[in-house]
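The chain contents come next:
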Amino acid sequence: MSLLSPTKPASNPALGPAPGNASAPGGESEAPAATPASPTPRLLAALREDLAVVVARDPSVRGRKEAILHPALTALWAHRVAHRLHGRGLRIPARLLARWARRVTAVEIHPGAVLGRRVFIDHGAGVVIGETAVIGDDVTMYHQVTLGAVGWWSDNKRPEGDRRHPVVGSGVILGANATVLGPVTVGDRAVIGAQALVNKDVPGGARVLAPTAVIKEPGRRPELMEDVFTVIASAGSW
């Protein structure tokens, strides 16, 4: 089953533009391009790639045997299987497997989510990926990343089949506690900094950085920082 083949074509239009972002005669802007996730190799080949990525990107891992114990790898492998079950209409077994993975890894990935190849989730604790999310190849995300919807009060009003979760292009980095909400598109090779909140489309190659804390020394007022990079730089996590 291709990673671009959504579980329910009507409810997971993988890389279609978000509502209100499609080009139109009225001059509305088009959503930034995001490279589709490449077709899935056979399951064992995909699992081997996932294992190799942990060794390559996590400096604390010394080899494949140690990489097998990486908690986020367990969640990712479980999702590879659950997504296939979900795509075959076996929704309850897929949900049970996702539930087990969440319990043992603290990573919650809906079986309907589409994940590309060589996705790396570092640490993994608190990561949430929603049903209609689509993640491209070679994406790196850190702990507490959320690819979520904006809320039932809005999503229940969407037409049947509309996407509710983000599309993340290939080569994107999502820092710790980054939150991307709604049917937005994050273009290829963008960086979403730690603790950044995104609810609009992000062009490819862009940097979205959350403000850092201002240090106040005892007995002194906080001073304005003139270095713009200091002001807007993220707490960092990559």
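Residues numbered from 1 in each chain as written. Predicted model: local features only at pLDDT ≥ 70, side-chain atom pairs only at ≥ 80, totals over all residues. Heavy atoms only, no water.

I tried to follow the sheet that holds strand 12 (residues 191–192) on my own but got confused; where do I start?
Pairing between the strands of a sheet is mediated by backbone hydrogen bonds and can be parallel or antiparallel. Within the open sheet, the five strands sit side by side as 3-6-9-12-14. Their pairing is parallel. Pairing within the sheet leaves two strands with one partner each, and these edge strands are strand 3 (120–121) and strand 14 (207–208). Across two bridges, the pairing between strand 9 (residues 173–174) and strand 12 is parallel. From the neighbouring strand, I173 faces strand 12, where its bridge partner is V191. (Pairing = 2+ DSSP bridges. Helix = DSSP H or I, 4+ residues; strand = E, 2+ residues; numbered from the N terminus.)

Help me out: how do you make sense of the packing of helix 1 (residues 43–57) against helix 3 (residues 71–87) in this one?
When two helices pack together, their arrangement is given by the angle between their axes and by how far apart the axes lie. At a closest axis distance of 10 Å, the pairing of helix 1 and helix 3 adopts a crossing angle of 160°. As the angle between them shows, helix 1 and helix 3 are arranged roughly antiparallel. Our pair here, helix 1 against helix 3, has a crossing hand that is right-handed. In this structure, helix 1 contributes L43, L47, D50, L51 and V54 to the contact, and helix 3 contributes L73, L76, W77, R80, V81 and R84. Across the contact of helix 1 with helix 3, the residue classes tally to eight nonpolar, no polar and three charged. (Axes fitted to C-alpha atoms, helices over the stretch in contact; angles between N-to-C directions. Parallel < 35°, antiparallel > 145°, perpendicular 65-115°, else oblique. Left-handed = near helix turned anticlockwise from the far one by under 90°. Contact = heavy atoms within 4.5 Å. Nonpolar A, V, L, I, M, F, W, Y, C, P; charged D, E, K, R; others polar.)

How should the sheet that holds strand 5 (residues 134–135) be read in this particular structure?
Across the sheet, four strands lie side by side as 2-5-8-11; this open sheet has parallel pairing. Of all strands in the sheet, those bounded by a partner on one side alone are strand 2 (114–115) and strand 11 (185–186). Sheet analysis places strand 8 (residues 167–168) next to strand 11, joined by two bridges and oriented parallel. Its bridge partner lying in strand 11, V168 is registered against V186.

Looking at this model, I keep getting lost on unusual backbone geometry. Mind explaining?
Among all residues save glycine, negative phi is the norm, and among peptide bonds the norm is trans. In this structure, N177 takes a positive phi of about 65° despite not being glycine. Within the fold, N177 resides in the loop between strand 9 and strand 10 (179–181). Despite not being glycine, R189 shows a phi value in the positive range, around 60°. When you line up the elements, R189 lands in the loop between strand 11 and strand 12. For R189, a relative accessible area of 56% corresponds to the exposed category. (Buried < 20%, exposed > 50% of the residue type's maximum accessible area, 1.4 Å probe, protein only.)

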